[in-house]
Amino acid sequence: MNASRRFGRSFEAIARIFEFTSEFFARAGTDPRLLPPVDLVVEELFTNMVKYGAAADPDAEVRIDMASVPGGVEVSLTDSGVEPFDVTQAPDADTSLPIEGRRPGGLGLHLIRRLVDSWGYEYSKERRESRITFRKTLAAEPARENKSATGGA
Amino acid sequence: MLAIDHGAQGVVVITGRLDASQCPTAQAFLDKVEGTVTLDCSGLEYISSAGLGVLLKTQKRLLAASGKLRLVGVNRHLQDIFQYSGFDQIFEIEPGR
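Parameters at a glance
- Residues numbered from 1 in each chain as written.
- Chains lettered and ligands numbered in written order.
- Predicted model: local features only at pLDDT ≥ 70, side-chain atom pairs only at ≥ 80, totals over all residues.
- Helix = DSSP H or I, 4+ residues; strand = E, 2+ residues; numbered from the N terminus.
- Buried ≥ 20, exposed ≤ 12 C-beta atoms within 10 Å, placed from the backbone.
- Pairing = 2+ DSSP bridges.
- Axes fitted to C-alpha atoms, helices over the stretch in contact; angles between N-to-C directions.
- Contact = placed C-beta atoms within 7 Å.
- Expected span 1.5 Å × (residues − 1).
- Core = buried A, V, L, I, M, F, W, Y, C linked by C-beta atoms within 7 Å.

The next thing to look at is the overall build of chain A. Check the secondary structure of chain A and you find four helices and five strands. In chain A, which comprises 153 residues, the proportion classed as buried is 30%.

Next up, the structure:
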């Protein structure tokens, strides 16, 4: 199953994005345990586009494509009218710092890296279009008893 | 949507989804709390990095005044997010059911 929808680059669109992902999960029969992490990754990527893309072309919309894959879902966010910026190469937050040194910035990308099976970035120079695609499946969900080995790095 | 309000025995109750669009509401409320505050998260379904930023800012402010923010009733998804973020090292977290 596939679905696609466009959203204005604004924080107000987040509620409608969550409606879209929730509807897709219900119609596609995707395991609901994957919905919170998928929503989180979509929100982090979308809000980055709102923050950093609006200056380039405030009227352009972000297209979100969802597709069923074995055991989960693949999601793409496509932003047009923007300069290239490979978010997958952006620096990670240091989550080992004491509270005095902690800053919220970078935490979203840190979470994405821990939640997705894989993610990738493409840029079309002709269309000035950035596309980020990620995949989330149950197969890559760490067993709960092993969480201490995967988190907090 | 998000709701945040005072509950029984001084506990602050937060319910719904703390996403980027709801952060101004949560921050405005938490900017007014003082001392050691228990935040009942048993009805909090979802949090993103923007929501984590609200909790971090509040914790910094309260700790500077010898208070703190305690998180109780935290569901499994939120526990994972707090752990991945290192928040389990800077907040007292009590899991929910």
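More follows now that the structure is in view.
Another aspect to go through is the sheet that holds strand E3 (residues 36-47) of chain B. All names here are of chain B. What the five strands build is an open sheet, ordered E1-E2-E3-E4-E5; its pairing is mixed. Edge strands, defined here as strands with exactly one partner in the open sheet, are strand E1 (2-6) and strand E5 (92-95). Mean inter-strand twist for the sheet, computed between neighbouring axes without regard to direction, equals 20°. Bridge count between strand E4 (residues 68-74) and E5: four bridges; the pairing is parallel. Residue pairing across strands places Arg70 opposite Glu92, the latter belonging to E5.

Residue and element names in this part refer to chain A. Along the chain, Gly106 turns up in the loop between strand E3 (72-80) and helix H3 (107-115). With 15 C-beta atoms packed within 10 Å, Gly106 lands in the partly exposed category. The sequence separation of Gly106 and Glu23 amounts to 83 residues, and the corresponding C-alpha distance is 29 Å. For Gly106, the residues in contact, after removing those within four places along its chain, are Pro91, Asp92 and Ala93.

Moving on: the interface of chain A and chain B. In this assembly, 22 residues from chain A lie in contact with 21 residues from chain B. Among the elements of the structure, helix H1 (14-28), helix H2 (35-53) and H3 of chain A are those that each provide at least two residues to the side of chain A that touches chain B. The greatest single-element share of the side of chain A that touches chain B, amounting to six residues, is contributed by H2 of chain A.

The next thing to look at is the sheet that holds strand E5 (residues 129-137) of chain A. Residue and element names in this part refer to chain A. The strand order across the open sheet built from five strands is E1-E2-E3-E5-E4, with neighbouring strands paired in antiparallel fashion. Of all strands in the sheet, those bounded by a partner on one side alone are strand E1 (2-8) and strand E4 (118-124). Strand after strand, the sheet turns through a mean of 15° between neighbouring axes, direction not considered. Pairing of E1 with strand E2 (residues 61-69) involves seven bridges; the strand directions are antiparallel. Residue pairing for E2: Arg5 is matched across the bridge by Ile64.

Let us look at helix H2 (residues 49-64) of chain B. All names here are of chain B. When the terminal C-alpha atoms of H2 are compared, their 22 Å separation across 16 residues agrees well with the 22 Å that a helix rising 1.5 Å per residue should span. For H2, the full list of buried residues reads Ser49, Ala50, Gly51, Leu52, Val54, Leu55, Leu56, Thr58 and Gln59. In the segment just after H2, Ser66 is the residue with positive phi, at about 65°.

Residue and element names in this part refer to chain A. Residues Val41, Val42 and Leu77 are the most contacted members of the largest nonpolar core, which totals 52 residues. When residues of this core are assigned to their parent elements, the largest contribution, eight residues, is made by H2. Sequence-distant contacts of Val42, defined by excluding residues within four places in its chain, comprise Ile17, Thr21, Ile64, Val75 and Leu77.

Here we come to unusual backbone geometry. Backbone geometry at Arg128 of chain A places phi at a positive 50°, although glycine is not the residue there. The partly exposed category is assigned to Arg128 of chain A, around which 16 C-beta atoms lie within 10 Å. You will see that Ser66 of chain B, though not glycine, has its phi angle at about 65°, which is positive. In this structure, Ser66 of chain B sits in the loop between H2 and E4.

So yeah, pure geometry; function would need other evidence.
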